[in-house]
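# Observations on the three-dimensional arrangement
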Amino acid sequence: MGQFVVIGLDNFGNNLARSLSKRRHEVLALDSNEERVQNISDDVTKAIVVNLSSEKQLEKLIKSSIDAAIVSIGNVAVSVLTVMRLKELGVENIVAKALSNVHAQILALVGATETIMPERDAADIVAMRLTTKNLVEQIPLAEDYNITELAVPDKLIGKTIAEAGIKDKFNIEIIAVKNVLLNEFSLMPKPDFIMQADSVLIAIGKN
């Protein structure tokens, strides 16, 4: 069970806090808006109304040992200050929502370990799914690198990984194969592994 603090309960912060809680993690939800706090209080470990500009309140509530703090504040100045204070408190993993590229750059400079722009990121994912045949799911690792789930293309069904030449042709590595029907998972399949129609390839590589 992880321990997370979500600071700012706008649509993104609210949904993220609920999602973490559904996965049985401890979630402390903080916001200056009493109505937002009340709306989520029954669905997280603890929800508290705070003055987001108060360094003392954050210091009292947040421990440096948490797994991550997520900052989802619509006010640019307050979000930047909050990230700075979390960094000063010793929080190692700080995820911050940015409203623009410049905002993201500033957040990174003051201590955010990861910045996200939900609408842009969601649009990128939808665009990728619409334009990449056989794409099931994609998880970004770093800039230009992803772990991607792909349904086995028709022309590769019945072939081995070596025969398909996936690594040589596309410079990606198949790290696992999941049989969807049997719910079987083959980790680090060998070159002679035969790909079936009911399988999903999990690959790592550049976009």
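Residues numbered from 1 in each chain as written. Predicted model: local features only at pLDDT ≥ 70, side-chain atom pairs only at ≥ 80, totals over all residues. Heavy atoms only, no water.

Position of Ser21 relative to the elements: it lies in helix 1 (residues 11–22). Reaching out from Ser21, the side chain makes a polar contact with the backbone oxygen of Asp43 at a distance of 2.6 Å. Beyond its immediate stretch of four places on either side in the chain, Ser21 contacts Val27, Asp43 and Val44. (Helix = DSSP H or I, 4+ residues; strand = E, 2+ residues; numbered from the N terminus. Polar contact = N/O pair within 3.5 Å; in protein donor to acceptor, adjacent residues only side chain to side chain. Contact = heavy atoms within 4.5 Å.)

With that settled, consider the sheet that holds strand 1 (residues 3–7). The six strands are arranged 3-2-1-4-5-6 in an open sheet whose pairing can be described as parallel. A strand with exactly one partner marks an edge of an open sheet, and here the two such strands are strand 3 (46–49) and strand 6 (114–116). If you compare each strand with its neighbour and ignore which way they point, the axes differ by 15° on average. Direction of pairing for strand 1 relative to strand 4 (residues 68–71): parallel, over a ladder of four bridges. (Pairing = 2+ DSSP bridges. Axes fitted to C-alpha atoms, helices over the stretch in contact; angles between N-to-C directions.)

For a regular strand, side chains alternate in direction, first toward one face of the sheet and then toward the other. Direction of pairing for strand 9 (residues 172–179) relative to strand 11 (residues 199–206): antiparallel, over a ladder of seven bridges. Residue pairing across strands places Asn179 opposite Ser199, the latter belonging to strand 11. Bridging between strand 9 and strand 10 (residues 184–187) involves four bridges; their strand directions are antiparallel. Paired with Asn179 across the bridge in strand 10 is Glu184. The turn joining strand 9 and strand 10, which pair antiparallel and follow one another in sequence, is formed by four residues; a positive phi near 55° is taken by Asn183.

This next bit is on the environment of Gly165. Take Gly165: it is sitting in the loop between helix 7 (161–164) and helix 8 (166–170). With 26 residues separating them in the primary sequence, Gly165 and Pro191 have C-alpha atoms 9.4 Å apart.

Turning to the pattern of salt bridges, a few remarks are in order. Tallying each qualifying case throughout the model produces four salt bridges. Two residues, Lys167 and Glu173, come together in a salt bridge whose shortest N-O distance is 3.3 Å. (Salt bridge = Lys/Arg side-chain N within 4 Å of Asp/Glu carboxyl O.)

This next bit is on the packing of helix 4 (residues 76–88) against helix 5 (residues 101–110). For the pair helix 4 and helix 5, the least separation of the axes is 9 Å and the interaxial angle reads 20°. With respect to helix 5, the axis of helix 4 lies roughly parallel. Pair helix 4 / helix 5 crosses with right-handed handedness. Contact residues: Val76, Ser79, Val80, Val83, Met84 and Lys87 in helix 4; His103, Ile106, Leu107 and Val110 in helix 5. Residues of the contact of helix 4 with helix 5, tallied by class, amount to seven nonpolar, two polar and one charged. (Parallel < 35°, antiparallel > 145°, perpendicular 65-115°, else oblique. Left-handed = near helix turned anticlockwise from the far one by under 90°. Nonpolar A, V, L, I, M, F, W, Y, C, P; charged D, E, K, R; others polar.)

Before going further, it helps to examine helix 4. Over its 13 residues, helix 4 runs 19 Å from end to end, which matches the ideal 18 Å to within 8%, given 1.5 Å per residue. Those residues of helix 4 that sit buried are Val78, Ser79, Val80, Thr82, Val83, Arg85 and Leu86. As for helix 4, its buried residues are in contact with strand 1, helix 3 (55–61), strand 4, strand 5 (94–97) and helix 5. Sitting at the amino-terminal end of helix 4 is Asn75, which places a side-chain oxygen 3.0 Å from the backbone nitrogen of Ala77. One or two positions beyond helix 4, positive phi appears at Gly90, with a value near 90°. (Expected span 1.5 Å × (residues − 1). Buried < 20%, exposed > 50% of the residue type's maximum accessible area, 1.4 Å probe, protein only.)

Time to look at the nonpolar core. Of all hydrophobic cores here, the largest spans 24 residues; its most connected members are Ile7, Leu30, Ile62 and Leu86. When contributions to this core are tallied by element, the ones reaching two or more residues are strand 1, strand 2 (26–31), strand 4, helix 4, strand 5 and helix 5. In contact with Ile7, other than residues within four places in its own chain, are Leu30, Leu52, Leu58, Ile62, Ile70, Val71, Ser72, Ile73, Thr82 and Leu86. Membership of the second largest hydrophobic core comes to 14 residues, among which are Leu20, Val37, Ile70 and Ile116. (Core = buried A, V, L, I, M, F, W, Y, C linked by side-chain atoms within 4.5 Å.)

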